[in-house]
Every structure is written in C-alpha cells, then in structure tokens.
Amino acid sequence: MDNGTFLVYDKASDTFRFKALRGIQDLSAFESLELTLDQAKDRYLSYAEEVYEDIYYKNDVRFSPLNNLIDNLNAPKSLLTIVIKNEGKIEAFILLENISRAYAFDQRDINMIRN
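Predicted model, so just to flag it, every value in this text is computed and none were measured.

What counts, and at which threshold
- Position labels on residues start from 1 in each chain and follow its written sequence.
- Local features are withheld for residues below a pLDDT of 70 in this predicted model, meaning they are given only at 70 or higher, and side-chain atom pairs are given and counted only at 80 or more; totals for whole chains, interfaces and linings count all residues.
- No hydrogens and no water enter the side-chain calculation; it runs on all heavy atoms of the structure.
- By definition, any uninterrupted DSSP run of H or I lasting at least four residues is a helix, any uninterrupted run of E lasting at least two residues is a strand, and each is numbered from the N terminus.
- C-alpha atoms define the radius of gyration, and 2.2 Å times the number of residues to the power 0.38 defines the globule rule.
- With a 1.4 Å probe rolled over the protein chains alone, any residue whose accessible area is under 20% of its type maximum counts as buried; one over 50% counts as exposed, and the rest are partly exposed.
- Residue contacts are defined here by distance: any two heavy atoms, one from each residue, within 4.5 Å place the two residues in contact.
- Method for areas: the Shrake-Rupley scheme with a 1.4 Å probe, in which residue coverage is limited to the protein chains shown.
- Residues counted as positive are Lys and Arg, residues counted as negative are Asp and Glu, and His and the chain ends are not counted.
- To locate a charge, take atom NZ for lysine, CZ for arginine, CG for aspartate or CD for glutamate.
- Two strands qualify as a pair provided DSSP detects at least 2 bridges between them.
- Axis definition: a line fit to C-alpha positions, over the contact stretch in the case of helices; interaxial angles, taken between N-to-C directions, run 0 to 180 degrees.

Draft legend 1. Expanded view of the overall build of the protein chain. For the protein chain, the helix and strand inventory stands at two helices and seven strands. Mapped from its N terminus to its C terminus, the protein chain presents α and β elements in the order β-β-β-α-β-β-β-β-α. Computed over C-alpha atoms, the radius of gyration of the protein chain comes to 13 Å, within 12% of the 13 Å expected from 2.2 N^0.38 for 115 residues, which places it in the range of a compact globule. Expressed as lengths along the three principal axes of its C-alpha atoms, the size of the protein chain is roughly 35 × 35 × 20 Å. Relative to its 115 residues, the protein chain shows a buried fraction of 39%. At a minimum sequence separation of 6, the contacts of the protein chain that also span at least 24 residues come to 44%. Counting only carbon and sulfur atoms, one obtains 44% of the accessible surface of the protein chain, whose full area is about 6900 Å². Averaging the locations of the 14 positively and 19 negatively charged side chains of the protein chain gives two centres separated by 2 Å.

Next comes the structure, spelled out in structure tokens:
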C-alpha cells in the first residue's frame, strides 16, 4: 500500500470530507474538498468488484474529473475501498491504494481486511 485515505460523512454539509491521508500529501491541502455521496460512489465504487460485503477492489483505476485539487493526484493502479455503514447509510470510505502496481492486493490482504 502506497497511500491511504479516510473520507468521513459531514452531516452539516451533506458531503464526504477528507479526515486522514497517508502517503499522498499534507491533509491541510485537502481539508476543504467535499465529495457528494454520488461523486464518492462513482469515484471509488464504480467498476469495482465487491469482493466481500462492503469491500471493493479495482485495478487500472480511472477517475472522472471533479474539477478540483483531487484531479491532480495520480490514479492508483490498485484500489481497495472499504465502505463503513451505520444503519444502512454510508458514513465513511477507507481507501487503500497502490500507485505503482495493478493487482497489488491479493486474497490474503483482502482476508485480513475482512476479518
């Protein structure tokens, strides 16, 4: 894993906001960015395989532009997305990225997350 991101639902703005970043850049550059639920689902869940309930995996990732700072980041070659729900509602996304290698996460990695 090269990068990790934690997006959390912000009730006041009805958007998802970056709360933690590892390996990308300083969080302060992304704190003001907001993604709607539809934008987050399109970016992180579309074309991904749900390998277990609320765990999604995709390779050779392509993101639709959002016309903000996030568009300047390199798309990962492999992306594992863990969806955190509360009473059926998405509250957060945990993103684990490998920027240099497609198919970087194997079944052992996925099992570790699942357990």
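Draft legend 2. Representation of the pairing of strand β6 (residues 78–86) in the model. As judged from the five bridges shared by strand β5 (residues 55–59) and β6, these two strands associate in the antiparallel manner. The residue bridging isoleucine 55 from the neighbouring strand is isoleucine 82, located in β6. What sits between the antiparallel neighbours β6 and strand β7 (residues 89–98) is a turn of two residues, in which glutamate 87 has the positive phi angle 55°.

Draft legend 3. Expanded view of the sheet that holds strand β4 (residues 49–52). Pairing within the open sheet is antiparallel, and its seven strands lie in the order β3-β2-β1-β7-β6-β5-β4. The open sheet has two edge strands with one neighbour each: β3 (34–35) and β4. As defined by bridge partners, β6 adjoins β7 across nine bridges and the pair is classed as antiparallel. Looking at β7, one finds that asparagine 86 is bridged to lysine 89. Running over the sheet, helix α1 (residues 37–44) touches β1 (3–10), β2 (15–22), β3, β5, β6 and β7 and is turned about 35° from β7. Contacts between helix α2 (residues 107–114) and the sheet are confined to β4, β5, β6 and β7, with β4 contributing the most and set at about 65° to the helix.

Draft legend 4. Highlighting the pairing of β4. In this sheet, β5 lies alongside β4 in antiparallel orientation, the contact comprising three bridges. By the bridge assignment for β5, glutamate 49 is matched with tyrosine 57. The loop that links β4 with its antiparallel partner β5 comprises two residues; one of these, aspartate 54, has a positive phi angle of about 65°.

Draft legend 5. Structural context of unusual backbone geometry. Phi angles above zero are rare outside glycine, and tyrosine 47 is one such case at about 65°. As for its placement among the helices and strands, tyrosine 47 is situated in the loop between α1 and β4. With a phi close to 65°, aspartate 54 is a non-glycine residue in the positive phi region. Positionally, aspartate 54 belongs in the loop between β4 and β5.

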